[in-house]
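Structural description and commentary
So the chains spell out like this:
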Amino acid sequence: MSPPDHSEPATVKHAHAPINRVEYLFETVVFASRWIQAPLYGGLIVAELLYAYKFLVELWEMVWHINQQQETVFMLGVLGLIDVTMVANLLTMVIIGGYATFVSKLDLEGHPDRPDWLTHIDPGTIKIKLAASLIGISSIHLLKSFVNIANEDLEQIKWKIFIHMTFIGSAILLAWTDKIMQKERKH
């Protein structure tokens, strides 16, 4: 005796076929829409190239005028270079992490320069890394203000401190939220 056939009759299957094709086509288009982001990441790569150019121009100016610069001006120049580098790091994280998370996997298995953080990347991790980078960039701006405090407006420094503390608070909340979500996924 054969098992009972629980499938729908052939006429019912054919009645849904056009809808299934439309749904499949729509879902294919929705999934392919992730490639709309690819040019955005390409644009960020161009922005990173511009930051590299800006870094080299500023470095060249520092080298060219090293004998005429006071130590404070030189230190502000170095902090400016660090700032540009940290923004470039932020761009790299967004480009690589965003592309790998939202567009397509990167085929980097066995690549000797593969960043460790790519093995456990998700949107929550990217957000926390971005928040930490913003805190670092904000810290550099605050340090520049403190080094050059004689030429800074105290009201502006207060705002920079407030913004910096907001970044720190946001990063703590993001990390805490991510930790809670990780615990819920494990259960």
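Here's what I pulled together on the structure shown here. (Residues numbered from 1 in each chain as written. Predicted model: local features only at pLDDT ≥ 70, side-chain atom pairs only at ≥ 80, totals over all residues. Heavy atoms only, no water.)

**Regarding the packing of helix α3 (residues 71-103) against helix α4 (residues 123-147)**
It is the contact of α3 with α4, at a shortest axis distance of 10 Å, that shows an interaxial angle of 170 degrees. Taken as axis vectors, α3 and α4 run roughly antiparallel relative to one another. Residue composition of the contact of α3 with α4, by class: 18 nonpolar, 8 polar and 3 charged. (Axes fitted to C-alpha atoms, helices over the stretch in contact; angles between N-to-C directions. Helix = DSSP H or I, 4+ residues; strand = E, 2+ residues; numbered from the N terminus. Parallel < 35°, antiparallel > 145°, perpendicular 65-115°, else oblique. Nonpolar A, V, L, I, M, F, W, Y, C, P; charged D, E, K, R; others polar.)

**Section: the environment of Phe 31**
For Phe 31, the location among the structural elements is in helix α1 (residues 10-32). When the C-alpha positions of Phe 31 and Leu 142 are compared, they lie 43 Å apart, and in sequence the two are 111 residues distant.

**Let's talk about a nonpolar patch on the surface**
A cluster of nonpolar residues, Leu 56, Leu 59, Trp 60, Val 63 and Trp 64, forms a patch on the protein surface that exposes about 570 Å² of accessible area. Note on placement: Val 63 falls in helix α2 (residues 38-64). Residue Val 63 is classed as partly exposed on the basis of its relative accessible area of 49%. (Patch = residues over 30% accessible without salt bridge, like charges linked within 9 Å, V, L, I, M, F, W, Y side chains within 5 Å. Areas by Shrake-Rupley, 256 points an atom, 1.4 Å probe, with all protein chains shown as cover. Salt bridge = Lys/Arg side-chain N within 4 Å of Asp/Glu carboxyl O. Buried < 20%, exposed > 50% of the residue type's maximum accessible area, 1.4 Å probe, protein only.)

**Points about the packing of α4 against helix α5 (residues 154-186)**
Axes are the key here: two packed helices are described by the angle between their axes and the distance separating the axes. Following both chains from N to C, one finds α4 and α5 inclined at 160 degrees, their axes separated by 9 Å at the closest point. Here α4 is positioned roughly antiparallel relative to α5, judged by the angle of their axes. Remark: the crossing between α4 and α5 carries left-handed chirality. Two secondary-structure elements touch here, α4 through Gly 124, Lys 127, Ile 128, Ala 131, Leu 134, Ile 135, Ser 138, Ser 139, His 141, Leu 142, Ser 145 and Phe 146 and α5 through Ile 157, Lys 160, Ile 161, His 164, Phe 167, Ile 168, Ala 171, Leu 174, Ala 175 and Asp 178. Taken together, the residues of the contact of α4 with α5 sort by class into 13 nonpolar, 6 polar and 3 charged. (Left-handed = near helix turned anticlockwise from the far one by under 90°. Contact = heavy atoms within 4.5 Å.)

**Some points on the pattern of salt bridges**
One pass over the structure, following the stated rule, counts 3 salt bridges. The partner of Lys 54 in a salt bridge is Glu 58, and the shortest N-O contact between them spans 2.8 Å. Linking Lys 54 with Glu 58, this pair stays in helix α2, spanning 4 residues, or about one helical turn. Ionic pairing is found between Arg 114 and Glu 109, a salt bridge with its closest N-O pair at 3.1 Å.

**Comments concerning α5**
Quick reminder: α-helices carry 3.6 residues per turn. Residues three or four places apart thus point the same way. Compared with an ideal rise of 1.5 Å per residue, which puts 33 residues at 48 Å, α5 spans 48 Å between its outermost C-alpha atoms and is within 8% of the ideal. Considered for burial, the residues of α5 that qualify are Ile 157, His 164, Ala 171 and Asp 178. (Expected span 1.5 Å × (residues − 1).)

**Some points on the side chain of Ser 138**
With respect to the helices, strands and loops of the structure, Ser 138 is situated in helix α4. Accessibility expressed as a relative area gives 10% for Ser 138, which makes it buried. Excluding residues within four positions of it along the chain, Ser 138 makes contact with His 164 and Phe 167.

**Things to note about the side chain of Ser 133**
For Ser 133, the position within the fold is in helix α4. Given a relative accessible area of 11%, Ser 133 falls into the buried group. In this structure Ser 133 touches Met 86, Leu 90 and Met 93, once residues within four positions along its chain are discounted.

**A word on the packing of aromatic side chains**
Each aromatic ring pair is characterised by the separation of its centres together with the angle its planes make. Per the stated rule, a full pass over the model turns up 4 aromatic pairs. With a centroid separation of 6.1 Å and 75 degrees between ring planes, the pair formed by Trp 35 and Tyr 99 is classed as edge-to-face. Highlighted residues: Trp 35 in the loop between α1 and α2 and Tyr 99 in helix α3, separated in sequence by 64 residues. Seen from their ring centres, Trp 159 and Phe 162 are 5.7 Å apart, and the 90 degrees between their planes marks the pair as edge-to-face. On the criterion of helical spacing, the pair formed by Trp 159 and Phe 162 is a turn pair, its members being 3 residues apart in helix α5. Here the aromatic cluster, defined as three or more aromatic residues joined through ring pairs, consists of Trp 35, Tyr 41 and Tyr 99. Over the ring of Phe 31 we find Arg 34, and its NZ or CZ is 3.9 Å from the ring centre. (Phe/Tyr/Trp six-rings, centres within 6.5 Å; stacked < 30°, edge-to-face > 60°. Lys NZ or Arg CZ within 6 Å of the ring centre and 35° of its normal.)

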